[in-house]
Amino acid sequence: MTLNPTLHIQQVQITLHGETLLAIDRTIAPGEVLTVMGPSGSGKSTLLAYLAGFMSPAFKAQGQVFLADTRLDTLPAEKRGLGLLFQDPLLFPHLSVGGNLRFGIPQRTANKQAQVVQALHQVGLAGYEARDPATLSGGQQARVALMRLLLSQPHAVLLDEPFSKLDMALRQEMRSLVFNQLRDAGLPALLVTHDHADADAAGGPIIELG
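Residues numbered from 1 in each chain as written. Predicted model: local features only at pLDDT ≥ 70, side-chain atom pairs only at ≥ 80, totals over all residues. Heavy atoms only, no water.

S.K.: Report on the packing of aromatic side chains, specifying residues and quantitative values.
M.R.: Counted under the stated rule, the structure contains two aromatic pairs. Ring centres 5.7 Å apart and planes at 70 degrees place the aromatic pair Phe163 and Phe179 in the edge-to-face group. Of the two residues, Phe163 is situated in the loop between β7 (156–160) and α5 (168–185) and Phe179 in helix α5; the sequence distance between them amounts to 16 residues. Phe179 carries the same exposure label as Phe163, and that label is buried. (Phe/Tyr/Trp six-rings, centres within 6.5 Å; stacked < 30°, edge-to-face > 60°. Helix = DSSP H or I, 4+ residues; strand = E, 2+ residues; numbered from the N terminus. Buried < 20%, exposed > 50% of the residue type's maximum accessible area, 1.4 Å probe, protein only.)

Below you can see the structure in the form of structure tokens.
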């Protein structure tokens, strides 16, 4: 896979019971965030599920998805190299903060411990490695989830309304953190949201559905 690849969504059309929910033909450059906005039922989360490889069989899709020159839509989900960030942090309750981060790091990576320490320092959580995730605030959990995703070395990132459960002050902080980290890593990203402030903070092109 090319370093900092471009994500190509080529003439993708998703239908439900024969009716078109959405049609999209876009290229997302390294470090760019494409925002897809729309009300519930407009198909934005289904688009993410299709790209990630776990779309419900009730939906039908056509078109092609490429990351650089690798076609993704014919690969199983675990081979696509996509990172996902959801509304909920989805941290493993049986693992410490450090354990959650180590889980994200690819198996054969050297110096996992150094990466964990650096990641926590990067998001203002130095010294939190042994903490139980249940003792963290919502914002702290969101930071750990973000760094776990980045440590997994994805080639592109899908964001499913990741700020919607945070309070207003935290939303602003996490938007800046997430989008700056994605830009610094040179990762193409697709954000689905219904919040115009998310789209504004992402700073990339916007597609409005419905």
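So that's the structure; there's more coming.
S.K.: Account for helix α1 (residues 44–52), naming residues and giving values.
M.R.: With eight of its nine residues buried, α1 lies for the most part within the structure. Inspection of α1 places Lys44, Thr46, Leu47, Leu48, Ala49, Tyr50, Leu51 and Ala52 among the buried residues, and these make up the whole buried set. Residue Gly53 follows α1 closely and has a positive phi angle near 100 degrees.

S.K.: Which residues make up the nonpolar core, and what values go with them?
M.R.: Judged by nonpolar contacts, the single largest core of 33 residues is most densely connected at Leu101, Leu159, Val178, Phe179 and Leu182. The set of elements that each furnish at least two residues to this core consists of α2 (97–104), α3 (112–122), α4 (138–151), β7, α5 and β8 (189–193). The element contributing the most residues to this core is α4, with eight residues. With 27 residues, the next largest nonpolar core counts Leu22, Leu47, Tyr50 and Leu209 among its residues. (Core = buried A, V, L, I, M, F, W, Y, C linked by side-chain atoms within 4.5 Å.)

S.K.: Break down the layout of surface pockets for me, citing the residues and quoting the values.
M.R.: Looking at the largest pocket, its volume works out to about 620 Å³. Lining the largest pocket are 25 residues, and of these Leu82, Gly83, Leu84, Leu149 and Ser152 sit closest to its centre. Of all elements in the fold, only β6 (82–85), α2 and α4 reach the threshold of two or more residues within the lining of the largest pocket. Sort the elements by how many residues they give to the lining of the largest pocket and β6 lands first, with four residues. Taken together, the residues that form the lining of the largest pocket break down as 14 nonpolar, six polar and five charged. The volume enclosed by the second largest pocket comes to roughly 150 Å³. Around the second largest pocket, the lining is made up of 15 residues, and of these Phe86, Gln87, Pro89, Ala142 and Pro162 lie nearest the centre. Elements with a minimum of two residues in the lining of the second largest pocket: α4 and α5. With four residues, the top contributor of residues to the lining of the second largest pocket is α4. When its residues are assigned to classes, the lining of the second largest pocket shows ten nonpolar, three polar and two charged. (1 Å grid on protein atoms, 1.4 Å probe; cavity = no way out; pocket = protein on both sides within 12 Å on 5 of 7 lines; lining within 4 Å. Points joined across faces, edges and corners; volume = space filled by probe spheres on them. Nonpolar A, V, L, I, M, F, W, Y, C, P; charged D, E, K, R; others polar.)

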